[in-house]
Amino acid sequence: MTYAITQTCCSDATCVAVCPVNCIHPTPEEREFGSTEMLHIDPATCIDCGACADACPVDAIFPVDSLSPAHAGYAAVNAAYFADREPPARAPGPNFHSWGAPAFERSLPSDFAPIRVAVVGTGPAGMYAAEDLLLHTNAEVTLVDRLPVAGGLVRYGVAPDHPATKKAGDTFARFHIHPRVRMRLGVEVGRDVTAEELAAHHDAVVYAVGASTDRRLGVPGEELPGCVSASSFVSWYNSHPECAPDAIDVTGAERVVVVGNGNVALDVARILVMDPESLAGTDIADHALAALRASRVREVVLLGRRGPEDAAYTASELLALTHLPGVRLVVDDHDPRTGAAIDGAGPGEKAALLRDVARETVDWTRAPSSSEGERRIVLRFHSAPVALTGEGAVRAARVTEGPGEREIPAGLVLRAVGYRGVPVPGLPFDEATGTVPHERGRVTGMPGTYVVGWIKRGPSGGIGANRTCAAETVGTLLADAVAGALPTPSGTPQAFRRLVRRRGAEVVDARGLAAIDRTERARGRETGRPRVKLATVAELVAAARSTRLRRPV
């Protein structure tokens, strides 16, 4: 028997470190690490010890013979990765890792005075950077976030039906109460403090602010009501305090067109058509659950500009669509290139996963099928939006079809064509790439200022990709510290706290964050859910203030 890695793989390589026979690849030392969709276990060399499953932070690893029907395909996905690859060289001895000389690339000399580092953003990128600093150095870390609660992408970006992926947040949460951590949540750079003021109170500042806006379609009609960004939809169902409960209306549309075929596109399609009662035991927003229960959506069409061989989604997210109860997955057979790519795909290629999916030439003049309550997702490749049409609201999407065009009636259009970073006040910004110019994480022309995550490299890679990204940035920061290249701060941590409070910021610290967590979990217990999120800034701040104990700062 062997183990297999499944859809929630975060690729942070914790499993690689504990495997005694080096059967999980790619490893952080291999060129492909960070560019593959997930990690894979070699069935030919796995010894069934289970160490990887114990270490996995997101519960993504299971014995092959215990995989559920929805996960059975991952045994083949893992095996296919190794089909045409040379087996890795093995070191002699009972442990087949090749151990070299010890290397401490992200550390400070033992007699080095503690440095004070502010990390702006508490999502995966920021927390991996904080983790590196706290585990490898004696640094003191100030965690800053514009929202009065920590979590970033893990809290507000992961779909509610992926609870295992959210467990990555538990790994990060242990650092919230670290003795060398101060939390200053509810503080926004550019609103409550300037970048210069933040830098004046710390030896270094690491910005992990992500890519918070979406890319536009650039077609006529995009401004019509009923055209919404997928990022807004994700925020809506995840109780993001900056997205109003009535921001999305799913009650009037039978068909929804999603432009894009990346993982976010598949997430929103899945949430739109799955049985709302299967979401009732998750942390989905109350308003979203009520709206989905009242929804008339019967069909979601995913538009992909290119063919199935070039689809942006991962194999794991596509497999998740093939096992949705009451939902039929269909490939629109309007273009002969689509079927040819699927039939000609080799083992392990993404298009091959669609071989058993029904192909139909869809009649778009007919209303979405509603036979026996069935819903469906239509994958339409080689088709791009040309315009959105409708009087006062979106009523259809005009799309390419061969050399011509056709109209697909739809009451809601979601654009899921990628995220984009926004300028951080006080930092340089590259408008072309939507990132902050840097050299190995060091912001150009700003000593002591660094970036990590999507604002550094662009919107690519999942949760685990931020670990290697953070390692590079922290390595650069510590090299600058040893070289004496960090500016000397003029303020103290206490002075920074007083500064943000004078500015009127509703600052939440670690004890306040713990109070928010207790409140949400208590609300969840009342309805049999893991938690019920507080959906507004006012609610979050009120819960943070509910604690009677005070934590030293």
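As a reminder, the structure under discussion sits directly above these lines.
Definitions and limits used
Residues numbered from 1 in each chain as written. Predicted model: local features only at pLDDT ≥ 70, side-chain atom pairs only at ≥ 80, totals over all residues. Heavy atoms only, no water. Helix = DSSP H or I, 4+ residues; strand = E, 2+ residues; numbered from the N terminus. Pairing = 2+ DSSP bridges. Axes fitted to C-alpha atoms, helices over the stretch in contact; angles between N-to-C directions. Buried < 20%, exposed > 50% of the residue type's maximum accessible area, 1.4 Å probe, protein only. Core = buried A, V, L, I, M, F, W, Y, C linked by side-chain atoms within 4.5 Å. Contact = heavy atoms within 4.5 Å. Phe/Tyr/Trp six-rings, centres within 6.5 Å; stacked < 30°, edge-to-face > 60°. Parallel < 35°, antiparallel > 145°, perpendicular 65-115°, else oblique. Left-handed = near helix turned anticlockwise from the far one by under 90°. Nonpolar A, V, L, I, M, F, W, Y, C, P; charged D, E, K, R; others polar.

This next bit is on unusual backbone geometry. With an omega dihedral of -5 degrees, the bond running from His25 to Pro26 counts as a cis peptide bond. Within the secondary structure, Pro26 is located in the loop between strand 2 (24-25) and strand 3 (40-41). Here the phi dihedral of Arg440 falls at roughly 55 degrees; this positive angle occurs in a residue that is not glycine. Note on placement: Arg440 falls in the loop between strand 21 (438-439) and strand 22 (442-443).

On to the sheet that holds strand 17 (residues 396-401), then. Judged by pairing direction, the sheet is antiparallel, and its three strands sit side by side in the order 16-17-18 without closing on themselves. The open sheet is flanked by strand 16 (385-389) and strand 18 (404-409), the only strands paired with a single partner. Going from strand to strand, the sheet's axes swing by 25 degrees on average, the running direction of each strand aside. Examined bridge by bridge, strand 17 and strand 18 share six bridges and lie antiparallel to one another. Bridge pairing in strand 18 links Arg398 to Glu407.

On strand 8 (residues 204-207), burial covers both faces: Ala204 and Val206 on one face and Val205 and Tyr207 on the other are all buried. Pairing of strand 5 (residues 116-120) with strand 8, which is carried by four bridges, proceeds in the parallel orientation. Bridge assignment links Ala118 to a residue of strand 8, and that residue is Val205. Pairing between strand 8 and strand 23 (residues 449-451): three bridges, direction parallel. Directly across from Val206, in strand 23, lies its bridge partner Tyr450.

On to the nonpolar core. Ranked by size, the top nonpolar core spans 70 residues in total, and within it Ile24 and Ile41 carry the most contacts. The dominant element in this core, judged by the number of residues it contributes, is helix 4 (residues 124-136), at seven residues. Non-local contacts of Ile41, meaning those with residues more than four positions away in its chain, are made with Thr2, Tyr3, Ala4, Ile5, Cys23, Ile24, Cys46, Cys52, Ile61, Asn78 and Phe82. Listed in part, the 48 residues of the second largest apolar core include Leu266, Val297, Val327 and Phe381.

Another aspect to go through is helix 11 (residues 286-293). One turn of an α-helix holds 3.6 residues; hence residues three or four places apart share an orientation. Among all positions in helix 11, only His287, Ala288, Leu289, Ala291 and Leu292 are buried. Each element contacted by the buried residues of helix 11 is listed here: helix 9 (230-237) and helix 10 (263-273).

Looking at the secondary structure, you find Ala387 in strand 16. Judged by its relative accessible area of 4%, Ala387 falls in the buried class. Sequence-wise, Ala387 and Gly218 are 169 residues apart; in three dimensions their C-alpha atoms are separated by 8.9 Å. Setting aside residues up to four positions removed in sequence, Ala387 forms contacts with Val219, Pro220, Ala396, Ala397 and Arg398.

Attention now moves to the packing of aromatic side chains. Scanning all chains against the criterion turns up five aromatic pairs. Centre to centre, the rings of Tyr81 and Phe82 are 5.1 Å apart; their planes meet at 85 degrees, and the pair counts as edge-to-face. Across the pair, Phe82 and Tyr81 agree in class, each one buried. Look at Phe233 and Tyr237: their rings are 5.4 Å apart centre to centre, the planes differ by 90 degrees, and that puts the pair in the edge-to-face class. Placement of the pair is Phe233 and Tyr237 together in helix 9, with a separation of four residues, close to one helical turn. By the ring-pair criterion, three or more aromatic residues cluster together here, those being Phe233, Trp236 and Tyr237.

Axis separation between helix 4 and helix 15 (residues 465-482) bottoms out at 8 Å; the angle between their running directions is 50 degrees. The angle between the axes of helix 4 and helix 15 places the two elements in the oblique class. Our pair here, helix 4 against helix 15, has a crossing hand that is right-handed. Along its contact with helix 4, which presents Pro124, Ala125, Tyr128, Ala129, Glu131, Asp132 and Leu133, the element helix 15 presents Asn466, Arg467, Ala470, Ala471, Val474 and Leu478. Taken together, the residues that form the contact of helix 4 with helix 15 break down as nine nonpolar, one polar and three charged.

So, about the pairing of strand 15 (residues 375-380). The element strand 15 is largely enclosed, with a buried count of six among its six residues. Of the two faces of strand 15, the one carrying Arg375, Ile377 and Leu379 and the one carrying Arg376, Val378 and Arg380 are both buried. The sheet contact formed by strand 12 (residues 299-303) and strand 15 spans five bridges and is parallel. Each bridged residue has a counterpart across the sheet, and for Glu299 the counterpart in strand 15 is Arg376. The pairing of strand 13 (residues 327-332) with strand 15 spans five bridges and is classified as parallel. Its bridge partner being in strand 15, Leu329 is matched across the sheet by Ile377.

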